[in-house]
Amino acid sequence: MFEDLKPHLVDLRKRLLISVITLVVMFFLCFAFWEPILNWMIAPLNDVLPKGTKPVFIQVGEAFLTAVKVAFFAALVLSMPIIFWQLWLFIAPGLYSNEKKLVLPFVFSGTFMFLCGSAFAYYVVFPYGLSYLINFGSNIFNAMPSIGYYATFFAKLMIGFGIAFELPVICYFLAKLGLITDKTLIKFFRIAIVLIFVLAAFLTPPEVTTQILMAIPLILLYGVSIIIVRFVNPEKNDEEEDSEIVP
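Residues numbered from 1 in each chain as written. Predicted model: local features only at pLDDT ≥ 70, side-chain atom pairs only at ≥ 80, totals over all residues. Heavy atoms only, no water.

### What to know about the side chain of S79
Okay, step 1: Among the secondary structure elements, S79 is positioned in helix α3 (residues 62-91).
Okay, step 2: Here S79 falls in the buried class, since its relative accessible area comes to 0%.
Okay, step 3: There is a polar contact of 2.7 Å between the side chain of S79 and the backbone oxygen of A75.
Okay, step 4: Among residues more than four places away in sequence, those in contact with S79 are T22, L23 and M26. (Helix = DSSP H or I, 4+ residues; strand = E, 2+ residues; numbered from the N terminus. Buried < 20%, exposed > 50% of the residue type's maximum accessible area, 1.4 Å probe, protein only. Polar contact = N/O pair within 3.5 Å; in protein donor to acceptor, adjacent residues only side chain to side chain. Contact = heavy atoms within 4.5 Å.)

If you want it as structure tokens, here you go:
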């Protein structure tokens, strides 16, 4: 049994190694530009902070560790096309020749949807979420956010939304491989809603507005995924309908 798995493990190691090397190279490139990247990251925060206030660091080495976090986050985003490509190359040996041709659509659509999710977080979620969180209790507290905590919060939310927006892409390729149908997604719709809100609560701060801003797009994307799956393999769905009618 181990001998059968050995080629797959060797290939998996190769794909992981290429992904890690890409990530490391991108990290050092991004570390050279961590300041402009950080300025872009804290722009939504500066927009809602009281005038004259800026983020602080409260621990020795926090500024340096923040630069490392910023560089790693940027490197991960820039490495996404290579990571998606390596993921597809790992899956490809088990596919038919016509299915292997989907590598470019998979890499492009996966990267595009990840960027769409991150952009939604940056331009929609952050302005509303940060405004609420910073202004909450402002008559009692002075807002002095830690830059290290904020960098982690920012990266977590951006990556979370990026991954969440991959739902239609994943459903498309699962349908293309004949693994799911629109009826499957419809059947588990209620369970999916519960899981979406659990995921939103896990990936966002303990604040209802931000959680709803993540959950609503995910529910809409789930509905879009049902439509996509329906059009991907209509023949399979029609056959299932016929089999239900004919005894």
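Next, the rest of the story.
### With respect to the packing of helix α7 (residues 167-176) against helix α10 (residues 208-232)
Any two packed helices are characterised by the angle at which their axes cross and by the distance between the axes.
Okay, step 1: Close contact between α7 and α10 brings their axes to 9 Å; oriented N to C, the two are set at 25°. When the interaxial angle is binned, α7 and α10 end up roughly parallel. Where α7 crosses over α10, the two elements pack in a sense that is right-handed. Contacts from L167, P168, C171, Y172, A175 and K176 in α7 reach L218, L221, Y222, S225, I228, V229 and V232 in α10.
Okay, step 2: When grouped by side-chain class, the residues that make up the contact of α7 with α10 number 11 nonpolar, one polar and one charged. (Axes fitted to C-alpha atoms, helices over the stretch in contact; angles between N-to-C directions. Parallel < 35°, antiparallel > 145°, perpendicular 65-115°, else oblique. Left-handed = near helix turned anticlockwise from the far one by under 90°. Nonpolar A, V, L, I, M, F, W, Y, C, P; charged D, E, K, R; others polar.)

### A word on helix α6 (residues 147-164)
Okay, step 1: For α6, which comprises 18 residues, the first-to-last C-alpha distance of 25 Å matches the rise-based estimate of 26 Å (1.5 Å per residue) to within 8%.
Okay, step 2: Most of α6 is tucked away, with 13 of its 18 residues classed as buried. (Expected span 1.5 Å × (residues − 1).)

### As for the environment of A67
Okay, step 1: Mapped onto the fold, A67 is located in helix α3.
Okay, step 2: In the structure, A67 is positioned 84 residues away from A151 in sequence and 9.0 Å away in space, judged by C-alpha atoms.
Okay, step 3: When near neighbours in sequence (up to four residues on either side) are disregarded, A67 contacts F31 and W34.

### Structural notes on the side chain of E62
Okay, step 1: Tracing the chain through its elements places E62 in helix α3.
Okay, step 2: Buried within the structure, E62 lacks any salt-bridge partner; its nearest side chain of opposite charge belongs to K69, at an N-O separation of 6.6 Å.
Okay, step 3: For E62, the side chain forms a polar contact with the side chain of S146, separated by 2.3 Å.
Okay, step 4: Look past the residues within four positions of E62 in its chain and what remains in contact with it is V56, F57, S146, I147, G148 and Y149. (Lys, Arg positive; Asp, Glu negative; His and termini not counted. Salt bridge = Lys/Arg side-chain N within 4 Å of Asp/Glu carboxyl O.)

### Examining the confidence of the model for the protein chain
Okay, step 1: Counting all residues, the mean pLDDT for the protein chain is 82, and 88% of those residues have values of 70 or more.
Okay, step 2: Helix α2 (residues 34-48) holds the highest mean pLDDT among the elements of the protein chain, 91, whereas helix α11 (residues 234-245) holds the lowest, 49.
Okay, step 3: For the stretch residues 237-247, pLDDT sits under 50, and the model shows 11 contacts to residues farther than four places along the chain or on other chains. (pLDDT = per-residue confidence, 0-100.)

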